[in-house]
Structure formats: C-alpha cells, structure tokens
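Observations on chain architecture
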Amino acid sequence: MSGLSIVGSSRNNGEREENDFYPTPSFAVQNLIDREKFIGNVYEPACGDGAISNVFINNGFDVYSTDLVDRGFGVGNVNFLDYKGQNYDNIITNPPFKYALEFVEKAKKHADKKVAMFLKTVFLESTSRYEMFMDKDFPLKTMYQFCKRVPIYKSGVKMKNSGLVAYAWFVWDKEYDGKPTIEWIK
C-alpha cells in the first residue's frame with residue numbers, strides 16, 4: 001500500500017490543495033441540520049463553492065458567505081482570521097485544517113449562539129487545543145461522529161483514496177451548560 005493510501009488522501013503527488021479547498025458533501029451538512037437546532041442567521045467564512053451555504057439556504061436560513069479565495073460563490077478575498085465585522089447567530093464551516101483552532105477561536109468571538117465546524121476526528125487530540133475544549137463561556141456541546149467515512153475530494157474533484165479519514169461535526173453552544181456529548185451519524 002502506498003503512503004498516500006495509508007494517509008487516506010485524495011491528493012495528486014502528495015500535495016494538498018493550496019488553500020485547503022475540500023468541499024463538504026451536502027449529505028454531511030444535511031445530517032448536521034437534521035440533528036442540531038440552529039436559530040437565526042448563519043455566517044459561513046470558508047464557503048468555497050457554496051457547499052455548506054447552499055444546504056443551509058435550501059433549509060430556509062439567511063446565510064452570509066465569504067472565502068479567502070473567490071470561487072464564484074459568496075464574497076471572495078476575505079480572510080476570516082482578520083475578520084472584524086458584525087456578529088452572527090451561528091458560524092458554520094469546514095475550515096482549513098491547519099487553521100482549525102484559529103477558526104474555532106475566531107468564530108467564538110463572532111457568534112452569538114453556536115459554532116459548528118466540520119473537522120477531522122483527530123482534532124480532539126492536541127495539548128494546544130486543550131484550553132479551547134475546556135472553555136466554559138462557549139463550551140463544546142456535541143460532537144457528531146460519522147460512523148462511515150465521509151468522502152472528501154480535493155477541489156471537489158472525485159479521486160481515488162478519499163473516505164479514509166474520520167470526520168465529525170463539532171458544535172459549540174454559548175448557552176450550553178454541561179459536559180460535551182458524542183452522538184453518531186449512521
């Protein structure tokens with residue numbers, strides 16, 4: 001088995017997409033909406049081609065969408081990590097994994113109700129994220145772990161070796177009081 005197969009990558013020549021553009025499948029977004037109640041508007045700060053935004057729009061939500069790169073959807077050339085705009089009720093995204101912690105921390109500053117991030121399950125591991133997970137002001141409420149691997153494709157182009165990495169939705173809720181729970185999506 002090659003190194004790429006072991007890693008579970010959909011990369012060509014082992015290279016990641018320059019700006020981590022790996023669209024979230026619509027079924028994975030709908031699974032979140034079916035399980036977690038969101039009230040109010042939504043900000044999607046890494047909207048890519050609108051994969052997450054469109055599912056929320058189709059479910060009746062008012063969605064504001066931006067991305068670092070202009071991919072023809074939402075407002076392009078916006079770096080969420082530099083965002084200083086208004087707050088939104090909910091911030092929901094699939095962030096670039098290398099900046100996932102920074103996205104969570106920034107989202108907690110600009111969300112009035114909930115933050116939901118589509119992340120690799122290994123996001124749970126790391127001493128650098130420990131304090132964020134222990135936050136009582138905007139605590140982790142639920143982790144929705146997919147039982148079956150979700151196929152994620154570089155730039156949305158189907159390739160071999162996708163679906164070998166475990167993903168989950170992590171949901172932080174400003175009004176939640178309690179220990180985080182884990183639920184499974186079958």
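Everything quoted here is computed from the prediction, not taken from an experiment.

1. Overview of unusual backbone geometry
With a phi close to 65°, Asn77 is a non-glycine residue in the positive phi region. By the element assignment, Asn77 lies in the loop between β2 (63–65) and β3 (88–93). Overall, Asn77 belongs to the exposed group, its relative accessible area being 62%. In this structure, Ser126 is a non-glycine residue whose phi angle is positive, near 145°. With respect to the helices and strands, Ser126 occurs in the loop between β4 (111–120) and α5 (130–134).

2. Concerning the nonpolar core
Ranked by size, the top nonpolar core spans 24 residues in total, and within it Met117, Phe123, Phe170 and Trp172 carry the most contacts. If you tally residues by element for this core, the top one is helix α4 (residues 100–110), at 5 residues. Judged by nonpolar contacts, the second largest core, of 23 residues, contains Phe61, Tyr144, Val171 and Ile185.

3. What to know about the packing of aromatic side chains
By the definition in use, this model includes 18 aromatic pairs. One aromatic cluster is present, built from ring pairs that chain together Tyr43, Tyr64, Phe80, Tyr83, Tyr88 and Phe103. Against the face of Phe21 rests Arg71, its NZ or CZ located 4.0 Å from the ring centre. Its guanidinium or amino end placed over the ring of Phe38, Lys114 lies 5.4 Å from that ring's centre, counting from NZ or CZ.

4. A look at helix α3 (residues 51–58)
Here α3 has its buried residues at Ala51, Ile52, Ser53, Val55 and Phe56. Those residues of α3 hidden inside the fold are in contact with α2 (26–35), β1 (42–44), β2, β3 and β6 (167–173). In the stretch just after α3, Gly60 is the one whose phi turns positive, near 90°.

Conventions we followed
Residues numbered from 1 in each chain as written. Predicted model: local features only at pLDDT ≥ 70, side-chain atom pairs only at ≥ 80, totals over all residues. Heavy atoms only, no water. Helix = DSSP H or I, 4+ residues; strand = E, 2+ residues; numbered from the N terminus. Buried < 20%, exposed > 50% of the residue type's maximum accessible area, 1.4 Å probe, protein only. Core = buried A, V, L, I, M, F, W, Y, C linked by side-chain atoms within 4.5 Å. Phe/Tyr/Trp six-rings, centres within 6.5 Å; stacked < 30°, edge-to-face > 60°. Lys NZ or Arg CZ within 6 Å of the ring centre and 35° of its normal. Contact = heavy atoms within 4.5 Å.

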